[in-house]
Amino acid sequence: MRPIERDLLRFKEIVRGEVKKRAREFLTREELFGQVEGRLVSIPLPQLELPKIVHGEPLGEGLGLGGAGSEGLGPGGHVPVAELELEEFLDLMGEALRLPRLKPKGEGEVTEEAWRYTTIARKGPRGLRHVRRTLKASLRRALASGSYRPEDPRLLPEPEDLRYKAPKSRPRPHAQAVILFALDVSGSMREEELRLVKTLSFWITLWVRRHFPRLERRYLLHDAEAWEVSEEEFFRAREGGGTRLSSALLLAEEILKAYPEAFYNRYLYHFSDGENWQGDTPLALEALKRLLPTLALYGYAQVQGPYGQGRFLEEVREALEGREGFAALEVRGREDLPLALRRLLGG
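Residues numbered from 1 in each chain as written. Predicted model: local features only at pLDDT ≥ 70, side-chain atom pairs only at ≥ 80, totals over all residues. Heavy atoms only, no water.

1. Here we look at the nonpolar core
Among the nonpolar cores identified, the biggest contains 50 residues, and Trp203, Ile204, Val208, Tyr267, Tyr269 and Leu341 are the most heavily contacted of them. Ignoring anything within four residues of it in the chain, the contact list for Ile204 reads Ile179, Phe181, Tyr269, Leu341, Leu344 and Leu345. Ranked by size, the runner-up nonpolar core spans 28 residues in total, among them Leu249, Leu292, Leu295 and Val316. (Core = buried A, V, L, I, M, F, W, Y, C linked by side-chain atoms within 4.5 Å. Buried < 20%, exposed > 50% of the residue type's maximum accessible area, 1.4 Å probe, protein only. Contact = heavy atoms within 4.5 Å.)

In structure tokens form, the structure reads like this:
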């Protein structure tokens, strides 16, 4: 291995170590949120000043300009950055946060036609000429006609000897998924709670799409009623009024009819502070009991509002705890995000 290749491998290890070490920090860095559709993620890499002995200072003091191990800056006073492919970055984050690998539930697949060059044809473009097959055909013809001479084994292919790579259709299954995000935007949800929801929704989307590239996303808002919105509207919604949690679940049930469980891995995530109108919780639980067997996962995250929390977390746990594909937890602040993300992904 050449020295430059060893240096490159060492640099990649440094980048990987930096991502793992700072995974919790990256989890809450909102400047990453705009990179969901991109292929590269920028990773800041503060440099370390090498320790050096300064004349006249006692041993162990005065090491370097800022002390041993101080973070330095690159040229022009900027922190150096490295760029990682999004997939590699997600894998490193997954290792650091111990996120679960997602597997298709049931079939959850569609089959599409894929063309692969696995056959041979007698006609085709010059760029697809199969040299070995062409020479074999030329050799067989020369042997059959008696014109082959071992002392002069050169072969001169004729037009009928030419062979080309040709495509053949093969069905290829693809696992696909759909995510529904439902957000309670009643008056008790504040800016900080909405920021936690945005963070969780972003990372859930990235991680599910890492396993299911064919991913569709739908967004619902609700207070006393539920309605569908765009992704942009979902993250800047400000509403008010009362809360009926069943309204979001009933609308989700209707929307999911367009995504048959035989062909889609279906994920439903619901974010609320747990406050619900009296008498609505039984309706919400009935809808959940119908939905849960058809879902890859239902995740309910209850954030703490300014006036405390409602009782829906306790009630939904009492009704569904222990069932497959069910995850529910409380999110009190940013410190809870790593565990919340892992739990909401089924870990």
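2. Things to note about the confidence of the model for the protein
Residues with a pLDDT of 70 or more make up 75% of the protein, whose mean pLDDT is 79. Of all helices and strands in the protein, the one with the weakest mean pLDDT is strand S3 (residues 71–72) (44), whereas helix H7 (residues 245–255) scores best (94). Low pLDDT (under 50) marks residues 61–78, which in the prediction has 25 contacts with non-local residues, meaning those over four places away or in another chain. (pLDDT = per-residue confidence, 0-100. Helix = DSSP H or I, 4+ residues; strand = E, 2+ residues; numbered from the N terminus.)

3. Focus: the pattern of salt bridges
Evaluated as defined, the whole model comprises 15 salt bridges. With a closest N to O distance of 3.4 Å, Arg217 and Glu231 form a salt bridge. Of the two residues, Arg217 sits in strand S7 (residues 214–222) while Glu231 sits in helix H6 (residues 231–235), which places them 14 residues apart along the sequence. When its relative accessible area of 32% is taken as the criterion, Glu231 is described as partly exposed. For Arg317, the salt bridge identified is with Glu321, shortest N-O distance 4.0 Å. A relative accessible area of 31% means that Arg317 is categorised as partly exposed. Put simply, Asp91, Arg101 and Arg210 are held in one network by salt bridges that share partners. (Salt bridge = Lys/Arg side-chain N within 4 Å of Asp/Glu carboxyl O.)

4. Description of the side chain of His211
Considering the arrangement of structural elements, one finds His211 in helix H5 (residues 191–211). In this structure the side chain of His211 is engaged in a polar contact, spanning 2.9 Å, whose partner is the backbone oxygen of Trp207. When sequence neighbours within four positions are dropped, the list of residues in contact with His211 reads Pro100, Arg101 and Leu102. (Polar contact = N/O pair within 3.5 Å; in protein donor to acceptor, adjacent residues only side chain to side chain.)

5. Re helix H9 (residues 312–320)
Three or more residues of H9 are buried, namely Phe312, Leu313, Val316 and Leu320. Angular distribution of buried residues about the axis of H9 spans 100 degrees; they occupy a single face of the element. The secondary structure elements touched by the buried residues of H9 are H7, helix H8 (281–291), strand S10 (297–303) and strand S11 (326–331). Just downstream of H9, Gly322 is the residue with a positive phi angle, here 95 degrees. (Arc of directions from axis to C-beta.)

6. Observations regarding the pairing of S10
Most of S10 is tucked away: seven of the seven residues are buried. Both faces of S10 are covered, namely the face carrying Leu297, Gly299, Ala301 and Val303 and the face carrying Tyr298, Tyr300 and Gln302. Bridge analysis of strand S9 (residues 265–272) against S10 gives six bridges, and the strand direction is parallel. When the sheet's bridge partners are listed, Phe271 is paired in S10 with Ala301. Handedness of the crossover is the feature at issue here: the chain leaves S9, passes through H8, returns alongside S10, and the resulting connection is right-handed. In the sheet, S10 pairs with S11 via six bridges, with the strands oriented parallel. Looking at the pairing, Tyr300 lines up with Ala328 of S11. (Pairing = 2+ DSSP bridges. Right-handed = clockwise from strand over helix to strand, strands pointing away.)

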